[in-house]
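Reading the structure
Each chain is listed here by its residues.
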Amino acid sequence: MQITFPDQTKKEFDKNTTGYDIALSIAEGLARNAVAVSINGTLADISRPVTEDAEIRIITLKDAEGLEIYRHSSAHIMALAVKRLYPDVLLGFGPAIEDGFYYDFDNVELKQADLEKIEAEMKKIMNEKIVFERHVISLKEAKKLFKDDPYKMQQIAKLGESEQLSCYKLGDLIDLCRGPHVPHSGFLKAFKLLRIAGAYWLGDSNNKMLSRVYATSFPSKKELDDYLEMRRQAEERDHNKVGRELDLFMTDKNVGQGLPLLTPKGSTIKIILQRFIEDEEIRRGYLYTITPLLAKSDLYKISGHWEHYRDGMFILEGDNAEDLYALRPMTCPFQYSLYNRTKHSYRDMPVRYAETSTLFRNESSGEMHGLIRVRQFTLADGHIICRPDQLEEEFNSVLDLINYVATTLGLKNLTYRFSKWDPNDKKKYIDNPEAWESSQKILKAILDKSGLEYYEADGEAAFYGPKLDIQFKNVWGKEDTIITVQIDFASAERFKMRYTDADGTEKTPMIIHRSSIGCYERTIATLIEQYAGKFPFWLSPEQIRLLTINEELGSYAETVALKIRNAGLRVAVDKRGETLGKKVLDAQHEYIPVIVTIGNKEKEEGTVSVRTLDGKVVQGMQLDEFIKKCEELNKTRNLETVF
RNA sequence: GCCAGAAUAGCUCAGGGGUAGAGCAACGCUCUCGUAAAGCGUGGGUCUCGGGUUCAAUUCCCGAUUCUGGCUCCA
């Protein structure tokens, strides 16, 4: 038979030569490092005989697929270790994931302390060099083999149509698995079990919760150590740690879960961001509103929140038990009510409402996370009510605003998600399949035309329409939505919103729900991680710190500070009787972007000595010139502080 | 809500059945200093809260609360 290699060279082999022997014919080292073989684009074990002419690629750990196979095999090795230690264990799924792998176990109670035991057993298994044996079995045989395993039986039932199944035997562990796998357990070189978490079977909260062990493995100890060090450094940027250390926010158990308090410093950042957005939106034709933070249930019944979002709302009793109110989880129905206060001409469309809107959502107790998932937050919210023919242009104008905001903030690594509905989830979504299909088609067309790179996700839409979500990955590798733009096909009709068209008839407008900077809490969390706590000059709560050389210069420093403060800059004076080095150290630890030193020389000359966070010092700068430069940094919102 | 961890001084953490300790911070005194930590001293704790076991609990057990990672949900 003829084998074609990736470089298009061809070579003759006997029929049924294994991938391993083909690799061996190229180089001994290649055969030794081969974890699998790609036969006409399909991955198979390296020991698999090749039966006919084929294009062959030998997969090693240097290939992305190779690493994935390696980690999947690592998961099996972990499962074998667990099986040896806990013979009654039942196995769920055990896939390779982005940075490692996991396995879901049932019928066993795993604690953090058990991970060490499992790791030790895995090391034993590594040394035993147990071969991964692949067996192809019929559906009937599979049902017999796994009759005592409810999870495997469910999988088998799902795979029902395919006549042949493969399973892998690793020592005493037989697992239903498509493979491929590395040849034997001795291939595993470096691994670490990371943590235990609960995970619902098939991701459904109605199902039983299994014990999931997260772990990772690498081809070498060095790569594993590098990865763990990289994780450690990423976690050093954790907004929840840095934000508290820098005194930007705190929580208090008497206030409650998911209710962070912004300190004066954190509040300053929020206020600066808010001014930036409000000014920018007003410039772009938004009309600002201020609407109530709570309303009668009547309003939410019209909007659909009562039906689709009630679990997420804080509900309050009014004058009597039947008279229910709710804190608002969204701003939309309030702005729709405002829209309806007058008649609207087609000439006056679109109407763009914006509001700095405090919202309340009754998240489940386990969901809260620093400033990222909270029960009360402030959204830079807005609704564009427009004619259908204006939808695309308005959507694009929102994208332009978001892009401007992201660029100004220096937000990197954003991804775009086109979030669609799940037609099978009748409870979560407004039941109007045609409207869903058509609005999703419209949104997709807009996105395609805009040239934005996006991916699609089912079941992520809002209850009233599809959306574009702008996603950010936090230091834990978890994605969160920071900004969202949504098309709403339902609300205008529900609220009987109208405009008078050119022909005198009453038409129903389209609505775009949008944010510009997202909600302040989450965005600040994102920024803390993006900047690793080092906020740019224009956003820093304390922009300038004046340090005095000795205590006698205190009152002069105060007059300098006053002059700087009068220019609209945020400044503090460190008059402590500490050494200059100590004061510099403290200011650097607090990430104050500009440190100004004042000594007798500066006092006589009317100058300042300016130090930036990078350690650079500019001496003898005239005070007026310094203030001018700072004002410039504020105005341009420069991400770099250079003098 | 569920699974796994954690909670000791303002902060970071040590300790351990016989009512607590360090460093930093705070405060006081000395020093008056030129760009990443001057010296000495002082005060500061219901060991998260509520039960239980015990002669004795901060320590062991149970429950609650909050914080952390994950699942489900979500901006």
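Everything quoted here is computed from the prediction, not taken from an experiment. (Residues numbered from 1 in each chain as written. Chains lettered and ligands numbered in written order. Predicted model: local features only at pLDDT ≥ 70, side-chain atom pairs only at ≥ 80, totals over all residues. Heavy atoms only, no water.)

1. Describing the sheet that holds strand 11 (residues 133-138)
Note the following rule: For two strands to count as paired, DSSP must find a minimum of two bridges between them. The secondary structure listing takes helices from DSSP runs of H or I that are at least 4 residues long and strands from runs of E that are at least 2 residues long, numbered from the N terminus. Note on geometry: axes are lines fitted to C-alpha atoms, helical ones only across the stretch in contact, with angles between N-to-C directions running from 0 to 180 degrees. Contacts are residue-level and defined by heavy atoms, with any inter-residue pair within 4.5 Å sufficient.
Strand order in this open sheet of three strands is 11-12-13, and the pairing throughout is antiparallel. Looking at strand neighbours, the two that pair on one side only are strand 11 and strand 13 (173-176), the edges of this open sheet. For this sheet, the mean angle separating the axes of adjacent strands, direction not counted, is 30 degrees. Direction of pairing for strand 11 relative to strand 12 (residues 164-170): antiparallel, over a ladder of six bridges. Paired with I137 across the strands is L165, a residue of strand 12. Along the sheet, helix 3 (residues 64-85) makes contact with strand 12 and strand 13, crossing strand 13 at roughly 130 degrees.

2. A few points about the domain arrangement of chain A
Just so we agree on the cut-off: Domain delimitation in this document rests on an assignment produced automatically or drawn from a domain database.
Looking at the assigned domains, one finds that chain A contains domain 1 (2-60), domain 2 (65-235), domain 3 (256-291 + 329-531) and domain 4 (537-636). Just the C-alpha atoms count here: the centres of domain 1 and domain 4 sit 68 Å apart.

3. Brief notes about the sheet that holds strand 20 (residues 315-317)
Read from one edge to the other, the open sheet built from three strands follows the order 19-21-20, with strand pairing classed as antiparallel. Each edge of the sheet is formed by a strand with only one pairing partner; in this case those strands are strand 19 (294-296) and strand 20. Neighbour to neighbour, the strand axes of the sheet diverge by 30 degrees on average, direction disregarded. Sheet topology note: the strand 19/strand 21 (residues 324-327) ladder contains three bridges and is antiparallel. Note that in strand 21 the partner of K296 across the bridge is Y325.

4. Digging into the pattern of salt bridges
Applicable threshold: Think of a salt bridge as a Lys or Arg side-chain nitrogen and an Asp or Glu carboxyl oxygen that are within 4 Å of each other. Exposure categories follow from relative accessible area, calculated using a 1.4 Å probe and restricted to protein chains: below 20% of the type maximum is buried, above 50% is exposed, and the middle band is partly exposed.
One pass over the full model with this rule turns up 44 salt bridges. Among the ionic pairs, K444 bridges to E456, the shortest N-O distance being 3.5 Å. Within this pair, whereas K444 is found in helix 14 (residues 433-450), its partner E456 is found in strand 25 (residues 454-457), the two being separated by twelve residues in sequence. The salt bridge involving D624 is made with K563; its shortest N-O contact spans 2.9 Å. Taken as a pair, D624 in helix 20 (residues 623-636) and K563 in helix 17 (residues 554-566) lie far apart in primary sequence, 61 residues in all. On the accessibility criterion, K563 (41% relative accessible area) is partly exposed. Shared partners join several salt bridges into a network, and the residues in it are K420, K444, D448, E456 and D458.

5. A look at the packing of aromatic side chains
Let me state the cut-off plainly: A pair of aromatic rings is counted whenever rings of Phe, Tyr or Trp (Trp by its six-membered ring) have centres within 6.5 Å, and the orientation is called stacked for planes under 30 degrees apart, edge-to-face for over 60 and tilted otherwise. Ring-over charges, as used throughout, are those where CZ of Arg or NZ of Lys falls within 6 Å of the ring centre and within 35 degrees of the ring normal.
The final tally for this structure, using the stated rule, is 17 aromatic pairs. With centroids separated by 6.3 Å and ring planes inclined at 80 degrees, the aromatic side chains of W421 and Y429 adopt a geometry described as edge-to-face. Y429 shares its class with W421; the two are buried. Taken together, the ring pairs connect W421, Y429, W436 and F489 into an aromatic cluster. Above the ring of F218, the side-chain terminus of R71 is found at 4.6 Å from the ring centroid. Positioned above the aromatic ring of Y520, the side-chain terminus of K270 is 5.4 Å from the ring centre.

6. A few points about the nonpolar core
For clarity, the threshold we go by: We call a set of buried Ala, Val, Leu, Ile, Met, Phe, Trp, Tyr and Cys residues a nonpolar core when their side-chain atoms join them within 4.5 Å.
The biggest cluster of nonpolar side chains holds 52 residues, and the ones touching the most others in it are L273, F395, L409, I517, L527, F535 and L539. At nine residues, the largest contribution of residues to this core is made by helix 13 (residues 391-409). Not counting residues within four places of it along the chain, the set of residues in contact with F535 comprises L248, I269, L527, I528 and S540.

7. A few points about empty space enclosed by the protein
Counted only if it meets this: Both cavities and pockets are sets of points on a 1 Å grid over the protein atoms alone; in a cavity a 1.4 Å probe fits but cannot get out, in a pocket the set is open with protein on both sides within 12 Å along at least five of seven lines, and lining residues sit with an atom within 4 Å of a point. Grid points are joined across faces, edges and corners, and a volume is the space filled by probe spheres set on the points. Polar here means any residue outside two lists: the nonpolar Ala, Val, Leu, Ile, Met, Phe, Trp, Tyr, Cys and Pro, and the charged Asp, Glu, Lys and Arg; Gly therefore counts as polar.
Counting across every chain of the model gives one cavity of 30 Å³ or more. For the largest cavity, the full set of lining residues is S303, H305, C332, P333, Y336, F463, Y464, D488, S491 and H513. Counting residues per element, the lining of the largest cavity draws most heavily on helix 12 (residues 332-339), which supplies three residues. By residue class, the composition of the lining of the largest cavity is five nonpolar, four polar and one charged.

8. Brief notes about the protein's contact with RNA strand B
Condition: Residues are labelled near a given molecule or strand when at least one of their non-hydrogen atoms is within 4 Å of it. N or O atoms closer than or at 3.5 Å make up a polar contact, with two conditions inside protein: a donor-capable atom paired with an acceptor-capable one, and, for residues adjacent in sequence, both atoms drawn from side chains.
The immediate surroundings of RNA strand B are formed by 61 residues, with Y200, N240, T481, R522 and S609 found nearest. Here, RNA strand B places atoms within 4 Å of the protein, and 54% of those atoms are sugar or phosphate. Note that a sugar or linking oxygen of RNA strand B is positioned 3.0 Å from one of the backbone N or O atoms of G198. In this structure, W476 approaches RNA strand B through a side-chain N or O atom, which is 3.0 Å from a phosphate oxygen. Those elements that provide at least two residues to the surface near RNA strand B are strand 14 (190-200), strand 15 (209-218), helix 8 (239-245), helix 18 (580-589), helix 19 (600-605) and strand 34 (607-612). Looking at which element gives the most residues to the surface near RNA strand B, the answer is helix 18, with seven residues. In the surface near RNA strand B, the residues fall into 17 nonpolar, 24 polar and 20 charged.

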